[in-house]
Amino acid sequence: MYIVGLTGNVAAGKSAVARIWREAGVPVVSADELAREAVAPGSSGLEAVVEEFGPHLILEDGTLDRPALRTRVFGDPEARRKLEEILHPRIQDLRDAWLDAQDEKGEPLVVAEIPLLYEVAAQGEVDGVVLVDAPEPLRLDRMMAHRGLTREESLQIMAAQMDPRAKRRQADWILENDGSLELLHQRAERLLESIRREVGGS
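Bear in mind that the values here come from a model prediction, so they are computed numbers and not experimental data.

Trainee: Whenever I open this one, the environment of Asn 9 confuses me. Can you help?
Mentor: Following the sequence through the fold, Asn 9 ends up in the loop between strand E1 (2–7) and helix H1 (14–23). Apart from residues no more than four positions distant in its own chain, Asn 9 is found in contact with Lys 14, Val 132, Arg 139, Gln 161, Met 162, Pro 164 and Lys 167.

The structure is reproduced here in structure tokens:
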């Protein structure tokens, strides 16, 4: 089984690529989905987050107030580090279990969407890396337009990640997302065809 690590800085478009590939029949595991599972009501992850950051982050339905937590940690590197210490091992365990299940099914090609792949040095856990990238001004516009964030909040989140130029030097494939969604769809499909040919995934 060949594991593609799908990554990219915030608002680069990696989740859109993951969706396109999933629709094309490739098993895809999303880091965001795993992160939600890691802090689901009743989980040890949620208990650890509440112990570290306080019970005020729990909504009436018992779920974690993720936007409030995001606001709390992105302006505080130490708080972000503590959150990552809680979440990353749990997310990794969930991803490993998912990969084991795909391997047992005999899947030839799977995709793991890992936004912070290079930041947490996870490139050794995948067989090849696809980096989705877009110009910084475009990513900034997307964050403010689609996520309701201020310019300052957006820049703060962007600054917390590794420079995409350093990631481009390490990635096996680079998928440019500097145009329309239709163009991204075409490029993502072409790249998937190329990867399938290269690794033998049908």
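Here the narrative resumes.
Trainee: Explanation requested: the pattern of salt bridges in the structure shown.
Mentor: Within the structure shown, the criterion is met by 12 salt bridges. Two residues, Glu 33 and Arg 22, come together in a salt bridge whose shortest N-O distance is 3.8 Å. Taken together, the positions of Glu 33 in helix H2 (residues 31–38) and Arg 22 in helix H1 put the pair 11 residues apart, joining distant regions of the chain. Using a relative accessible area of 45% as the deciding quantity, one classes Glu 33 as partly exposed.

Trainee: How do you make sense of the nonpolar core when you look at a structure like this?
Mentor: Burial of nonpolar side chains together is a common tendency in soluble globular proteins. Core analysis: the largest hydrophobic core is formed by 31 residues, its most contacted members being Val 49, Phe 53, Leu 64, Leu 69, Leu 83 and Leu 117. Elements with a contribution of two residues or more to this core: H2, helix H3 (44–53), helix H4 (66–74), helix H5 (77–105), strand E3 (109–113) and strand E4 (128–133). By residue number, the principal contributor to this core is H5, which donates 7 residues. Once you skip the residues sitting within four places of it in the chain, Leu 69 turns out to touch Val 49, Phe 53, Leu 57, Leu 64 and Leu 83.

Trainee: How should I be thinking about the packing of H1 against helix H9 (residues 181–199) in this particular structure?
Mentor: The description of two helices packed together rests on the angle between their axes and the distance between the axes. Relative to each other, H1 and H9 sit at 60 degrees, their axes nearing to 10 Å. Relative to H9, the element H1 lies oblique. The two elements H1 and H9 meet at a crossing, and its hand is right-handed. Where H1 approaches H9, its residues Ala 16, Val 17, Ile 20, Trp 21 and Glu 23 are matched on the opposing element by Leu 181, Leu 184, His 185, Ala 188, Glu 189, Leu 191, Leu 192 and Ile 195. Split by residue class, the contact of H1 with H9 holds 10 nonpolar, 1 polar and 2 charged.

Trainee: Quick question: what am I supposed to make of the side chain of Ser 43 here?
Mentor: With respect to the helices, strands and loops of the structure, Ser 43 is situated in the loop between H2 and H3. Here Leu 46 takes part through its backbone nitrogen, which lies 3.1 Å from a polar atom of the side chain of Ser 43. Ignoring anything within four residues of it in the chain, the contact list for Ser 43 reads Glu 37 and Ala 38.

The rules behind the values
Residues numbered from 1 in each chain as written. Predicted model: local features only at pLDDT ≥ 70, side-chain atom pairs only at ≥ 80, totals over all residues. Heavy atoms only, no water. Helix = DSSP H or I, 4+ residues; strand = E, 2+ residues; numbered from the N terminus. Contact = heavy atoms within 4.5 Å. Salt bridge = Lys/Arg side-chain N within 4 Å of Asp/Glu carboxyl O. Buried < 20%, exposed > 50% of the residue type's maximum accessible area, 1.4 Å probe, protein only. Core = buried A, V, L, I, M, F, W, Y, C linked by side-chain atoms within 4.5 Å. Axes fitted to C-alpha atoms, helices over the stretch in contact; angles between N-to-C directions. Parallel < 35°, antiparallel > 145°, perpendicular 65-115°, else oblique. Left-handed = near helix turned anticlockwise from the far one by under 90°. Nonpolar A, V, L, I, M, F, W, Y, C, P; charged D, E, K, R; others polar. Polar contact = N/O pair within 3.5 Å; in protein donor to acceptor, adjacent residues only side chain to side chain.

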